[in-house]
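An overview of the molecular structure
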Amino acid sequence: MKRITAIALFIIAAFITTGRAVAQDRAVRATVPFDFTVGDKLLPSGTYTITSASADIIVIKNYDRRIAILSTATPDSKESRNGSKLVFDKYGDQYFLHEILCQSAALNVNLPTSKQEKKARVQEAMLHSAGQVFVAAR
């Protein structure tokens, strides 16, 4: 009986290990050289691993700083032709993670625009719209 239990535990451990290995193969890893925002969370620069938790949820982790967050995401029909990419929207000195394109990890998704990003977009538009505009006249 002990032998059967030991074999069963070994098989369960093998499945768990295999599952983790497959999940790691489906990950995007990137070193981001600047602080950035996902949803309402400001994340410091560093190396991040991004995986898909489900069809519409991604997990963003920084193992060095022990950071892990979840974010909703929607499938994206775009494909990255030049390798994996993280796409950020930049407003002033703020960066917002907007899109993840990684065909090898089957992770092509858009992240929703947060309230903070919308506010930054409006502020940036107001700053740049204060300049002079010239219209040709006859």
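Because the structure is a prediction, the values reported are computed rather than measured.

**Let's talk about the overall build of the protein chain**
Across its full length, the protein chain holds 2 helices and 10 strands. In the protein chain, the order of α-helices and β-strands from amino to carboxyl end is α-β-β-β-β-β-β-β-β-β-β-α. Pairs at least 24 residues apart make up 38% of the contacts formed inside the protein chain by residues separated by at least 6 positions. Accessible surface for the protein chain amounts to roughly 10,100 Å². Of this, 56% is attributable to carbon and sulfur atoms.

**Things to note about the packing of aromatic side chains**
This model, assessed by the stated rule, comprises 5 aromatic pairs. Ring geometry for Phe36 versus Phe88: centroids 5.4 Å apart, planes at 75°, classification edge-to-face. Taken together, the residues Phe36 in strand 2 (residues 36-38) and Phe88 in strand 8 (residues 85-91) connect sequence positions 52 residues apart. Taken together, the aromatic side chains of Phe34, Phe36, Tyr48, Phe88 and Tyr95 make up a single cluster linked through ring pairs.

**A short note on the side chain of Asp89**
If you trace the backbone, Asp89 turns up in strand 8. Look at Asp89: it is buried, it has no salt bridge, and the nearest opposite charge is Arg121 at 4.9 Å. Looking at Asp89, its side chain comes within polar contact range of the side chain of His98, at 3.4 Å. Beyond its immediate stretch of four places on either side in the chain, Asp89 contacts Gln94, Tyr95, Phe96, His98 and Glu117.

**Points about the nonpolar core**
Counting residues in each nonpolar core, the largest one holds 21 residues, and the members touching the most others are Ile58, Ile60 and Ile100. Leaving out residues up to four positions away in the same chain, Ile58 has contacts with Ile50, Thr51, Ser52, Ala53, Ile69, Leu70, Ser71, Ala73, Ile100, Leu107, Val109 and Leu111.

**Side note on the sheet that holds strand 6 (residues 67-72)**
Within the open sheet, the 4 strands sit side by side as 1-4-5-6. Their pairing is antiparallel. Only two strands of the sheet have a single neighbouring strand rather than two, namely strand 1 (28-32) and strand 6. Ignoring which end each strand starts from, the neighbouring axes of this sheet average 25° apart. Both strand 1 and strand 4 (residues 46-54) contribute to a ladder of 5 bridges, which runs antiparallel. Each bridged residue has a counterpart across the sheet, and for Arg29 the counterpart in strand 4 is Thr49.

**Regarding the environment of Phe36**
Look at Phe36 and you get buried, because its relative accessible area is 2%. The residues touching Phe36, leaving out its near neighbours within four places in the chain, are Lys41, Leu42, Leu43, Pro44, Tyr48, Phe88, Tyr95 and Leu97.

**Details of the pairing of strand 10 (residues 107-110)**
Pairing of strand 7 (residues 74-75) with strand 10, which is carried by 2 bridges, proceeds in the antiparallel orientation. Counted as the bridge partner of Thr74 is Asn110 from strand 10. Counting the residues in the hairpin turn of strand 9 (residues 94-102) and strand 10 gives 4 residues, including Ala106, whose phi is positive at 50°.

Reading the values: rules and limits
Each chain has its residues counted from 1, following the order in which its sequence is written. Only residues with pLDDT of at least 70 get local features here, since the model is predicted, and only at 80 or more are side-chain atom pairs given and counted; chain-wide, interface and lining totals rely on the full set of residues. Based on all heavy atoms of the structure, the side-chain values leave hydrogens and waters out of the count. Under the DSSP-based scheme used, a helix requires at least four consecutive residues in state H or I and a strand at least two consecutive residues in state E, with every element numbered from the N terminus. Two residues form a contact once any of their heavy atoms are found within 4.5 Å. Under the convention used here, a 1.4 Å probe and the Shrake-Rupley method define accessible areas, while residue burial counts only the protein chains that appear. Stacked, tilted and edge-to-face are the three classes applied to pairs of Phe, Tyr and Trp rings, where Trp contributes its six-membered ring and a pair requires centres within 6.5 Å; stacked means planes under 30 degrees apart, edge-to-face means over 60, and tilted covers the rest. Remark: exposure states derive from per-residue accessible area (1.4 Å probe, protein chains only) relative to the maximum for the residue type, with buried under 20%, exposed over 50%, and partly exposed in between. In this tally, Asp and Glu contribute negative charge and Lys and Arg positive charge; neither His nor the terminal groups of the chain are included. We count a salt bridge whenever a side-chain nitrogen from Lys or Arg sits within 4 Å of a carboxyl oxygen from Asp or Glu. Pairs of N or O atoms are called polar contacts if they sit within 3.5 Å, as long as, within protein, a hydrogen donor faces a hydrogen acceptor (for residues adjacent in sequence, only side-chain-to-side-chain pairs). Side-chain atoms within 4.5 Å link the members of a nonpolar core, which is a set of buried Ala, Val, Leu, Ile, Met, Phe, Trp, Tyr and Cys residues. Note: two strands are recorded as paired if DSSP finds a minimum of 2 bridges between them. Here, axes are lines fitted to C-alpha atoms. For helices the fit covers the stretch in contact, and angles between N-to-C directions go from 0 to 180 degrees.

Read these as layout, nothing more, since geometry by itself doesn't imply function.
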